[in-house]
Amino acid sequence: MEFNFIKHLKGLDNLPTEPMNHYEQGSRFFTGGHLGPQINDKLEGYAAKGRWSRREMLKTATGFAAVMLAVNEITGMKFFDVDKAEAVERDAAEEKFILAKGGNFVVDQHTHICWRNDGYVEGVNTTKQGMWFVDLLDGLGKAMGFENGIRDMTVENFGKVILEESDTDIAIFNPFGFREDYGGKDMVPIEEQAEIKQRWPDRTIMMGGGLTPNQGVGETLDRLQMFVEDYKIEGLKLYTFDSTPKKGWWLDDLERAYPIWEKCQKLGIKNVGCHKGIPFGQFMARYAHAEDFDRVCDDFLDMNWIVFHSAWPYHEEIAALKMFKPQRKNLYSELGSTFAATVTNRPIDCAHVIGTLLRDLGEDYLMWGTDSTLWANPQWQIDALRRFQIPNELVEGHGYPQLTDEVKKKIFGLNAARLWGLDTSTARVKLADDKFAGIALNGKPQNITA
Ligand SMILES: [Zn+2]
């Protein structure tokens, strides 16, 4: 995450909720956006037909389905696969949500914890800029039902909301570095993030981060080696903006960055990603652009490069890096926070982002991510993508592929399974319907060639 959703979405204040009730969480995000007042009007009507209050309905699957139906009706476009009956009959929606579960092996490419043992105290171990980010996470957590905000974004709750309470099979852990802003210590120190791997070794993959080459290439390489040898990280998630006087760096910097990739090759680290897009806070937006992936993809063909957030709202840049270079096979993107922010509030934007990436980057290279625990329980996002589709008008006018069940399976988990070598037979939610049989939920990960 890293975008002030609290200011962006107006209707979320003063409505305490429960992070385990993902239906209500999802509905509240929709009704907090600019479509909110119109959605609420529609909901009054559906609730009256179902003979309960809007507030009561919003705590249920029916409420979440009703919100999606309202968006279809208001926009006049079919963004969500939802029937009228689901908004009125109490069990219809729940049944459909449950039926959809069996079809997917779900890998969340983008997950975090945000709290650390010694906390964040401005002027002591946290700069003003560092505190700005802490406050942002704190507000988002509270809006999503974490009573103590960022203090609830812990190892414990990572297990609870992501691994137990959602359909996520495997969570890929993303670190926060930013040592410049947090007293010379990573915002989430490696020894604390390692607890996740120790507790859930089969359900998590650990990425390392916190490499700031502007603080010295030698030190950066030593830290990388320590992460791999002492903590067995399996990939890297980095940030190209930083709080040093230089303010940032590029992945294709021959002097400051290439030694890192060469060392990755020696240490056996193949998957490297970077936050792009969502140019938050006081960080410089130029470092959130993605063109530095172009050269590293070509120069390090044996490595995979992952654009986090799909660089939204600069996603067309990464689409161009593949549309005009179709030979490229090692550029991936993921949807963390980008899907959550757009689907609830700007569904046309959401369809354009996904449509552009499917058309140009390709259906084998787009991966699921939620940025939870920032958004507490990720289940509402999973349910929303299961229902989401690219309306025909946009498919026709832009040449977008349809967002079919088969394509969703790749986005939800098969692409990540190929990238990380995961066994898809570990899917926790088994097949619910014959139509999903033979897709990939038994045996080894499928070798999907592009
Ligand atoms: Zn993130």
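If you're wondering where the values come from, they're calculated on a predicted model, not measured in any experiment.

S.K.: Sorry, what's going on with the overall build of the protein here?
M.R.: If you tally the helices and strands in the protein, you get 18 helices and 8 strands. Since a compact globule built from 450 residues should have a radius of gyration of about 22 Å, the 21 Å found for the protein is in line with a globular shape. By its C-alpha atoms, the protein is 65 × 50 × 40 Å across when sized along the principal axes. Within the span of the protein, comprising 450 residues, buried residues form 61% of the whole. Pairs at least 24 residues apart make up 77% of the contacts formed inside the protein by residues separated by at least 6 positions. A total of about 16,800 Å² of accessible surface is found on the protein, and carbon and sulfur atoms cover 49% of it. Of note, the protein has its 52 positive side-chain charges centred 1 Å away from the centre of its 66 negative side-chain charges.

S.K.: Even after reading the chapter, I still don't get the coordination of the zinc ion, so can you show me in this structure?
M.R.: Working reference: metal with six octahedral donors, ideal angles 90 or 180 degrees; metal with four tetrahedral donors, ideal angle 109.5 degrees. Protein ligation of the zinc ion involves His110 (NE2), His112 (NE2) and Asp371 (OD), the donor distances falling in the range 2.1 to 2.3 Å. All donors to the zinc ion come from one chain, and their sequence spacing reads H-x1-H-x258-D. Of this pair, histidine 110 sits in strand 1 (residues 107-111) while aspartate 371 is found in the loop between strand 8 (366-367) and helix 16 (379-387), placing the two residues 261 residues apart along the sequence. Residue histidine 110 shares its accessibility class with aspartate 371, and that shared class is buried.

S.K.: Could you clarify how one ought to interpret the side chain of asparagine 21 in this entry?
M.R.: In this structure, asparagine 21 sits in the loop between helix 1 (5-8) and helix 2 (22-32). Under the relative-accessibility criterion, asparagine 21 is labelled buried at 17%. At a separation of 3.2 Å, a polar atom in the side chain of asparagine 21 contacts the main-chain amide nitrogen of glutamate 24. Within the local environment of asparagine 21, its side chain forms a polar contact with the backbone oxygen of lysine 59, the two atoms lying 3.0 Å apart.

S.K.: Hey, could you run me through the confidence of the model for the protein in this one?
M.R.: Low pLDDT marks stretches whose predicted atomic positions should not be read closely. With 90% of its residues at a pLDDT of 70 or more, the protein shows a mean pLDDT of 90. The low-confidence segment residues 430-450, where pLDDT is below 50, has 49 contacts with residues more than four positions distant or belonging to other chains.

S.K.: Help me out: how do you make sense of helix 5 (residues 61-75) in this one?
M.R.: Helical geometry note: an α-helix holds 3.6 residues per turn, so side chains three or four residues apart project in the same direction. For helix 5, built from 15 residues, the straight-helix expectation of 21 Å at 1.5 Å per residue is met to within 8% by its first-to-last C-alpha distance of 22 Å. Most of helix 5 is tucked away, with 12 of its 15 residues classed as buried. Every buried residue of helix 5 is accounted for by Ala61, Thr62, Gly63, Phe64, Ala65, Ala66, Val67, Met68, Leu69, Ala70, Val71 and Asn72. Check the buried side of helix 5 and you find it contacts helix 2, helix 3 (36-50), helix 4 (54-57), helix 6 (92-101), helix 15 (347-361) and helix 16.

S.K.: What's the story with the packing of helix 13 (residues 315-323) against helix 15 in this structure? I'm lost.
M.R.: Helix-helix packing: each pair is described by the crossing angle between the helix axes and the interaxial distance. One can describe the packing of helix 13 onto helix 15 by two numbers: an axis separation of 8 Å at closest approach and a directional angle of 15 degrees. It follows that helix 13 is roughly parallel to helix 15 by the angle criterion. The two elements helix 13 and helix 15 meet at a crossing, and its hand is left-handed. Listed contacts from helix 15 to His315, Glu316, Ile318, Ala319, Lys322 and Met323 of helix 13 are Val353, Thr356, Leu357, Asp360 and Leu361. Grouping the amino acids of the contact of helix 13 with helix 15 by side-chain chemistry returns 6 nonpolar, 2 polar and 3 charged.

S.K.: Got a minute to help me understand the pattern of salt bridges in this structure?
M.R.: Between side chains of opposite charge, pairing is possible as soon as their charged atoms come close. This model, assessed by the stated rule, comprises 28 salt bridges. In this structure, arginine 223 engages aspartate 186 in a salt bridge whose closest nitrogen and oxygen atoms are separated by 2.9 Å. Of the two residues, arginine 223 sits in helix 10 (residues 217-231) while aspartate 186 sits in the loop between strand 2 (170-173) and helix 9 (190-199), which places them 37 residues apart along the sequence. For arginine 223, a relative accessible area of 14% corresponds to the buried category. We classify aspartate 186 as buried; its relative accessible area is 8%. Put simply, aspartate 253 and arginine 256 hold a salt bridge, and the shortest N to O gap is 3.1 Å. With a relative accessible area of 24%, arginine 256 lands in the partly exposed category. Among the charged side chains, a salt-bridge network with shared partners connects Asp81, Asp83, Glu86, Lys96 and Arg387.

S.K.: So what exactly am I meant to see when it comes to the environment of histidine 112 here?
M.R.: Mapped onto the elements of the fold, histidine 112 is located in the loop between strand 1 and helix 7 (128-143). Assessed through its relative accessible area of 0%, histidine 112 is described here as buried. A C-alpha to C-alpha distance of 24 Å links histidine 112 and isoleucine 318, two positions 206 residues apart in sequence. Apart from the residues within four sequence positions on either side, histidine 112 is in contact with Phe158, Phe173, Asn174, Pro175, Phe176, Lys237, Tyr239, Asp371, Ser372, Thr373 and Leu374. Separated by 3.2 Å, the side chains of histidine 112 and histidine 110 make a polar contact.

S.K.: It is not clear to me how the pairing of strand 3 (residues 204-208) should be interpreted in this structure. Could you clarify?
M.R.: On any regular strand, side chains alternate: one points to one face of the sheet, the next to the other face. Within strand 3, 5 of the 5 residues are buried, which leaves the element mostly enclosed by the surrounding structure. Every second residue of strand 3 is oriented toward a common face, with Thr204, Met206 and Gly208 on one face and Ile205 and Met207 on the other, all of them buried. Judged from the 3 bridges that link them, strand 2 and strand 3 form a sheet pairing that is parallel. Its bridge partner being in strand 3, phenylalanine 173 is matched across the sheet by methionine 206.

The rules behind each value
Residues numbered from 1 in each chain as written. Predicted model: local features only at pLDDT ≥ 70, side-chain atom pairs only at ≥ 80, totals over all residues. Heavy atoms only, no water. Helix = DSSP H or I, 4+ residues; strand = E, 2+ residues; numbered from the N terminus. Rg over C-alpha atoms; globule rule 2.2 N^0.38 Å. Buried < 20%, exposed > 50% of the residue type's maximum accessible area, 1.4 Å probe, protein only. Contact = heavy atoms within 4.5 Å. Areas by Shrake-Rupley, 256 points an atom, 1.4 Å probe, with all protein chains shown as cover. Lys, Arg positive; Asp, Glu negative; His and termini not counted. Charge placed at Lys NZ, Arg CZ, Asp CG, Glu CD. Donors = N, O, S within 2.8 Å, 3.2 Å for Na, K, Ca; no water. Polar contact = N/O pair within 3.5 Å; in protein donor to acceptor, adjacent residues only side chain to side chain. pLDDT = per-residue confidence, 0-100. Expected span 1.5 Å × (residues − 1). Axes fitted to C-alpha atoms, helices over the stretch in contact; angles between N-to-C directions. Parallel < 35°, antiparallel > 145°, perpendicular 65-115°, else oblique. Left-handed = near helix turned anticlockwise from the far one by under 90°. Nonpolar A, V, L, I, M, F, W, Y, C, P; charged D, E, K, R; others polar. Salt bridge = Lys/Arg side-chain N within 4 Å of Asp/Glu carboxyl O. Pairing = 2+ DSSP bridges.

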